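If you want the building blocks of each chain, they are given just below.
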Amino acid sequence: MNPFLKETAQKILNSGRDLKEITVILPNRRAGLFFTRYLGELIDEPVWMPEVITIEQLFYRLAGNTPADELTLIFELYELYRQIQTDPEDFDRFYFWGELILKDFNDLDQFLAPAKTVYTNLAEIKEFESDLSYLTEEQKELISQFWKAFERQNESEQERFLRFWQVLAQLYESFQARLRTAGLAYSGQLYRQVAENTGEITKPEKHFVFVGFNAFTLTEEKLIKHFVKEFGAEIFWDVDSYYLDDRLQEAGLFFRDYQKDAVLGKTFPEVIPAQISQKAAQIHTHAIPLKTNQANLVGKLLEKVGTEEALEETVIILPDEQLLFPVLHTLPESISKLNVTMGYPIRNAPIYAFLDAVLDLQRFTKWKGGHVFFYHKPVIDLLSFSYLKASDELFASQISEKIKVENLLDVPLEALVKEGTLFQLVFQKVEAQDLFDYLGSIIQFLAKELKEDVIQRSYLYQAFKQLNRLKEVFRSNLEKASKIDFVLKLFRQIFRELKLPFEGEPLQGLQIMGVLESRNLDFRRVIICDVNEGSFPPGGGINSMIPFNLRRAFGLPVQEQNDAIYAYTFYRLLHRAEEVHLIYTTAADQGKANEVSRFVQQMQAELHISKPEPVMIPVELTPSQEIRIQKTPEIMDRLALYLKKEGEDPFAKSFSASALSMYLDCRLRFYFRYVAELKEKEEVVSEIDPMTFGTLLHSAIELLYAIEEGNSHRDIDSHTIDRLKDQVPAAVDRAIRIFYKKEEGEEFELSGQLLIAREVFIKYVKEILSYDQKNGPFRVIGLEKKYLAGIPVETALGRVEVSLQGVIDRMDIKDGVVRLLDYKTGKDNKKVSTINSLFNRNDDHRNKAAMQTLLYAFFYQHSHAENQLPIKPGIFNMKEIYDSKFNPFLVMNKEEIRDYRDFAEEFEKGLSGLLAEIFNLEVPFDQTEDEKKCEYCAYKEICGR
């Protein structure tokens, strides 16, 4: 293999010119590095090397200036915009489309387009017509098409659109003058300055050689043609007849135009190489199911690299930087050296996620009563990071627990600060102008703490360097960007684009690079990943405020040109390669099937390369093992904690109705929760989920029907309820405050969702009162009352009493009947087929709510043995309360259960039998066979369900 740059170096040597009298211009610095290396290999004695620069360096040298920082330019642009517009937007709104304006200005200048004409008022079409002498018929037609589309907009939209274009035209002209006065410039402006003044360029002392170019901007084309025509400069093209001679091949789009040019055409070689057409047997395509699996295939392909081969002759092209680390992890041990050209995005590093969470914290800070509070979500996120845990793990754990247990929506600053630690640096309220120092101090602290972690420190260094750059730019423009939301947004955008450069010897070892980094370079073995449509060429259009038709009419780049550049970059890699592997994925992405790149399809049709080879990824699924936990003495000791004891606290641990239902659903889940005591994840409740809804509803009703202290009951009649209805909003508000632990008088702002829920609560509570009013007077004898009871059970330990507990929502007496009412936010069924069915885990219609309500009846009778009144259990379903036929009471055999005592013996026998099974040594804790019950189980990942 003879690389293009080496071949060009040989031609320059053979030209007989003194190397120190030559300047070589290349598209990028990396190509210059390889060119210098090849030239060094060809020279066998000490000589002065030629000057090797990029086209960008040439322009900046001729212009005598370099571009300013983009953020500085946007600030300058905004300053002008404020002067032009009578009612300008704030800078935070201007910035993100200010980027687009600056990009368009750059394109206009790079392609020498008449900016004033492009931006002129489209409504005055005659102005176009009076100045169309230099336009071709095709350009006139494109402008006309755009105008017709514009005419279809309504009048107000047209006016806004036209005003904006008028501003842009003036903005462009004023911007040029402002930058010249300030000694600033953007890239396109410098390019245009050079291209429009080529006549002033004096003949260079050195001979210029342009190497490896493909797509010139118009400014580049004009300058290079000037050097060729006036100074005898040379151009060395790297082309192939495969795409040059075929007008349908987009890779040759630019070259075909250059061949026809009077100046550039003469620089092409007489014989165009035909290398790609001979490569069919050397090109292999691989179809692989998943994107990350490509890394495994790359590792397999690299295992074939012999120890005698030069590693630098193999390249891996990664269009997607996300594949970098998977590929690095799958490299075979025989790869001793490698060079990574592409940077790794900081946004994929844990330190970025931490800094992002720190910024998020500042968005949700508030002052209340002279104190600073932070919203709980960013606080909990930050406490989960290893950085704060490493600073003080116990303190982090205590705060997290406090937030969850106390359900703190807003966390006071005082609870989070601990002197001398990272907590003190992170948890503080800062203004926009102090964000730089705030983040800087955090980064510096972390850098000291992570001094042994080289990679993390590298990320921190890049972030700190960028932070200081931003600080300098913002220092003189802070009044324009004083909103903290905008500054945070800008930080995030700029930090996301930061990349960690890899250190290494660029000319040695296996080469890993992005697509554009491969320009001008040749390798014997080429492995290209992600050869899918959307990557080769990349999808998406050009971000611009100038519509497509106008861009095309005035010679500005459109997607067609972008596709042509990528097509050439792709095919050029095949010129001199001896072994090519193209890998694409077949898995659907966001609902769309992944397609192989059209470049591969073209080669299949024209070169008849082999069909894609499907790569099967061996998947060894280990079937999930059945989990059966036998009852050991240790487990029986844990269960014994739920037995009634002698002493001060006989019911220290008790089973609830939900525990018994859980056991019937899945013995293993019961074991995890109540025996192993693996707690389910606790979260701060900020949204109104069904459980929160029920809690708030119970609390509001309890406040309304509350029995005065010292009394055993409270009589409620129609007049009482009339008075209570007016108190409902206050009761609901009080219930919300109690739930969120907010004292009376303490500032508490209801969120949008909570405001809506409040209105729903009020309606539901009023409907409950209306139901009670219609059904006559009653006597409340208990609300939200906790009951404890022991029930005899025969076990291997002998006859024991198992401890049970429950909270009865409401107990009242009406017409000589004790009613036990349980409020439910769902639509629980009130039908009971048989008492035994309540304890039958195989019954698909087992009524859990009915079992719970009957258990409450057991509690009541157990605690009031003297009771002779009928006990009537009921379920108050909120979703049925508006039904005119609503009846809360349990029904069996189409009749209401009028007295629990009629079924007490049978119910208690079933309850005792269920508890006996729990304590039965022979019955293990095993998984349910009905996997539908696993769907919402907190422990399903342990089971592998």
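The preceding data block contains the structure.
Below you will find a few notes about this structure. (Residues numbered from 1 in each chain as written. Predicted model: local features only at pLDDT ≥ 70, side-chain atom pairs only at ≥ 80, totals over all residues. Heavy atoms only, no water.)

1. Some words on the overall build of the protein chain
Next, step 1: Along the backbone of the protein chain there are 35 helices and 26 strands.
Next, step 2: Computed over its C-alpha atoms, the radius of gyration of the protein chain comes to 39 Å, more than 25% above the 30 Å expected for a compact globule of 945 residues.
Next, step 3: A principal-axis box enclosing the C-alpha atoms of the protein chain has dimensions of 120 × 70 × 60 Å.
Next, step 4: Here the protein chain holds 945 residues, and 50% of them are scored as buried.
Next, step 5: With an accessible surface of roughly 46500 Å², the protein chain has 48% of that area assigned to carbon and sulfur atoms.
Next, step 6: One finds the centroid of the 115 positive side-chain charges in the protein chain at a distance of 2 Å from the centroid of its 147 negative side-chain charges. (Helix = DSSP H or I, 4+ residues; strand = E, 2+ residues; numbered from the N terminus. Rg over C-alpha atoms; globule rule 2.2 N^0.38 Å. Buried < 20%, exposed > 50% of the residue type's maximum accessible area, 1.4 Å probe, protein only. Areas by Shrake-Rupley, 256 points an atom, 1.4 Å probe, with all protein chains shown as cover. Lys, Arg positive; Asp, Glu negative; His and termini not counted. Charge placed at Lys NZ, Arg CZ, Asp CG, Glu CD.)

2. Brief notes about the side chain of Asp 104
Next, step 1: By secondary structure assignment, the location of Asp 104 is in helix H5 (residues 91–110).
Next, step 2: The exposure class of Asp 104 is buried, given its relative accessible area of 1%.
Next, step 3: In contact with Asp 104, other than residues within four places in its own chain, are Tyr 119, Asn 543, Ser 544, Met 545, Ile 546 and Arg 551. (Contact = heavy atoms within 4.5 Å.)

3. Remarks on unusual backbone geometry
Next, step 1: Of the consecutive residues Phe 536 and Pro 537, the connecting peptide bond is found in the cis state with omega at -10 degrees.
Next, step 2: If you trace the backbone, Pro 537 turns up in the loop between strand E14 (525–528) and helix H24 (548–553).
Next, step 3: In the Ramachandran plot, His 608 falls in the positive-phi region, its phi being about 60 degrees despite a non-glycine side chain.
Next, step 4: Turning to its location among the elements, His 608 is positioned in the loop between helix H26 (598–606) and strand E16 (613–614).
Next, step 5: Classification of His 608 by relative accessible area gives exposed; the value is 62%.
Next, step 6: The phi torsion at Asp 815 lies on the positive side, around 55 degrees, for a residue other than glycine.
Next, step 7: Here Asp 815 is to be found in the loop between strand E20 (798–814) and strand E21 (817–824).

4. Thoughts on the sheet that holds strand E25 (residues 895–896)
Next, step 1: In spatial order, the strands read E22-E24-E25; together these three strands make up an open sheet with mixed pairing. Each edge of the open sheet carries a strand with a single partner, namely strand E22 (831–832) and E25.
Next, step 2: Two elements, strand E24 (residues 891–892) and E25, share two bridges in a ladder whose sense is antiparallel. Each residue of the ladder has a partner; that of Met 892, found in E25, is Glu 895. (Pairing = 2+ DSSP bridges.)

5. With respect to the pairing of strand E13 (residues 510–513)
Looking down a regular strand, the side chains alternate between one sheet face and the other.
Next, step 1: Both faces of E13 are covered, namely the face carrying Leu 510 and Ile 512 and the face carrying Gln 511 and Met 513.
Next, step 2: Here strand E6 (residues 314–317) runs beside E13; their pairing, made up of three bridges, is parallel. Within E13, the position partnered with Ile 316 by the bridge is Ile 512.
Next, step 3: Bridge count between strand E7 (residues 338–340) and E13: three bridges; the pairing is parallel. Note on E13: the bridge partner recorded for Leu 338 is Leu 510.

6. Looking at the pattern of salt bridges
Next, step 1: All told, the structure shown has 61 salt bridges when counted by the stated rule.
Next, step 2: With a shortest N-O distance of 3.7 Å, Glu 7 and Lys 11 are connected by a salt bridge. Here Lys 11 and Glu 7 lie together in helix H1 (residues 4–14), a separation of four residues that amounts to about one turn.
Next, step 3: Residue Glu 7 is classed as partly exposed on the basis of its relative accessible area of 26%.
Next, step 4: For Arg 901, the salt bridge identified is with Asp 899, shortest N-O distance 3.0 Å.
Next, step 5: Given a relative accessible area of 29%, Arg 901 falls into the partly exposed group.
Next, step 6: For Asp 899, a relative accessible area of 9% puts it in the buried group. (Salt bridge = Lys/Arg side-chain N within 4 Å of Asp/Glu carboxyl O.)

The analysis is restricted to geometry; functional conclusions fall outside its scope.
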